[in-house]
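Now for the letters of each chain:
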Amino acid sequence: MKLQAAFAIVFELAFAIRTAFWPTLLAIWKSPSLLLHPQQLSRLLFSNIWVFFGPVTDENGKPFKEALITPNAYGVVLDIGAGFGHTMKYLDRTKITKYVALEPNTNMHERIRHTGAKEGYTEADGTLVILSYGIENTSSIRSALYGQQVDTIISILVLCSVPNPQRSITNLVRDTLKPGGAFLYYEHVLSPRKDVAWWQRFWAPFWSFIFDGCRLDRPSHLYVDQVKDRDGESIWKERELRGVDGESEEASHLFEHRIGRYIKA
Ligand SMILES: C[S@@+](CC[C@H](N)C(=O)[O-])C[C@H]1O[C@@H](n2cnc3c(N)ncnc32)[C@H](O)[C@@H]1O
């Protein structure tokens with residue numbers, strides 16, 4: 001991997017810190033007790049970063065999301081790590097009965113409501129539900145959905161941030177996705193190239209510190225691919241997993257993506 005590519009991330013980190021610094025400092029000024037709550041502070045910092053990074057990241061992923069989400073999502077959709085709810089823009093409204101945003105960072109919720117209002121999903125008519133849990137809290141998610149399983153789970157750039165991802169994904173798919181339901185996946189992952197992976201592991205602690213726990217070195221595509229049912233069999237009856245053309249060969253950046261469409265048996 002070229003050194004120039006390996007160090008390009010420094011500019012992204014610097015930009016993230018610069019853009020989020022003042023709004024975060026202002027919030028600390030207004031509420032100094034934030035300093036005693038590192039998780040709240042980290043989430044606040046990330047939500048301020050996402051105001052700038054979110055729309056750009058969304059635009060970069062647009063062709064892949066259009067191809068993945070628009071034709072395949074249906075019924076009740078659970079968007080894990082919903083962020084500002086960008087996923088709603090790609091849903092075919094005529095096929096969706098409810099959009100459930102799972103977003104533990106409550107600083108994001110107002111913007112989810114804003115996106116929902118534009119895309120035709122509101123809490124008032126029950127087509128938008130916002131849950132503040134992490135994906136690891138499957139029992140709370142099921143209770144909030146009144147025990148009902150969902151038709152579609154969408155996972156966009158979130159599994160990098162989830163604690164115990166392998167266990168969390170397994171429990172989530174087993175408990176909250178209907179048989180025959182779709183799991184749609186677009187994530188950045190650990191590169192199969194040894195040189196790129198080395199740099200991903202090198203930068204992971206710095207990136208994770210600023211970006212609320214996001215790890216550059218997670219092979220989350222393998223975790224999803226390998227989810228098993230309680231009898232130890234693959235939980236999927238259909239699985240399609242692919243990379244993004246050209247990304248791997250170029251190795252021009254540390255964010256190598258995988259796109260997956262899975263159907264539960
Ligand atoms: C990089 S953002 C992506 C947001 C959105 N999916 C998008 O594509 O615009 C990752 C999101 O995952 C959320 N997140 C972090 N840990 C989580 C967890 N354990 N369970 C669910 N969401 C989580 C973060 O709060 C953040 O909003």
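- If you look the protein up in an unreviewed UniProt entry, it shows as Methyltransferase type 11 domain-containing protein from Agaricus bisporus var. burnettii.

A closer look at the site of the ligand
Then, number 1: Gly 81, Glu 103, Ile 135, Glu 136 and Ile 156 are the nearest of the 19 residues found near the ligand.
Then, number 2: The backbone of Gly 81 places a nitrogen or oxygen atom 2.7 Å from a nitrogen atom of the ligand.
Then, number 3: The contact in question runs from a nitrogen atom of the ligand to an N or O atom on the side chain of Glu 136, over 3.0 Å.
Then, number 4: For the ligand, whose free accessible area comes to 600 Å², the fraction covered by protein is 94%.

Points about the nonpolar core
Looking at soluble globular proteins, one finds that nonpolar side chains tend to be buried together.
Then, number 1: Counting 27 residues, the largest nonpolar core has Leu 78, Ile 80, Leu 159, Phe 183 and Trp 236 as its most contacted members.
Then, number 2: For this core, the elements supplying multiple residues, two or more each, are β1 (75-80), β2 (96-102), β4 (150-156), α5 (165-176), β5 (177-189) and α7 (220-225).
Then, number 3: No other element matches the 4 residues that β5 contributes to this core.
Then, number 4: Ignoring any residue separated from it by four or fewer positions in sequence, one finds Trp 236 in contact with Val 173, Leu 177, Phe 183, Val 224, Asp 225, Val 227, Tyr 262, Ile 263, Lys 264 and Ala 265.

Criteria and cut-off values
- Residues numbered from 1 in each chain as written.
- Predicted model: local features only at pLDDT ≥ 70, side-chain atom pairs only at ≥ 80, totals over all residues.
- Heavy atoms only, no water.
- Near = heavy atom within 4 Å.
- Polar contact = N/O pair within 3.5 Å; in protein donor to acceptor, adjacent residues only side chain to side chain.
- Areas by Shrake-Rupley, 256 points an atom, 1.4 Å probe, with all protein chains shown as cover.
- Core = buried A, V, L, I, M, F, W, Y, C linked by side-chain atoms within 4.5 Å.
- Buried < 20%, exposed > 50% of the residue type's maximum accessible area, 1.4 Å probe, protein only.
- Helix = DSSP H or I, 4+ residues; strand = E, 2+ residues; numbered from the N terminus.
- Contact = heavy atoms within 4.5 Å.

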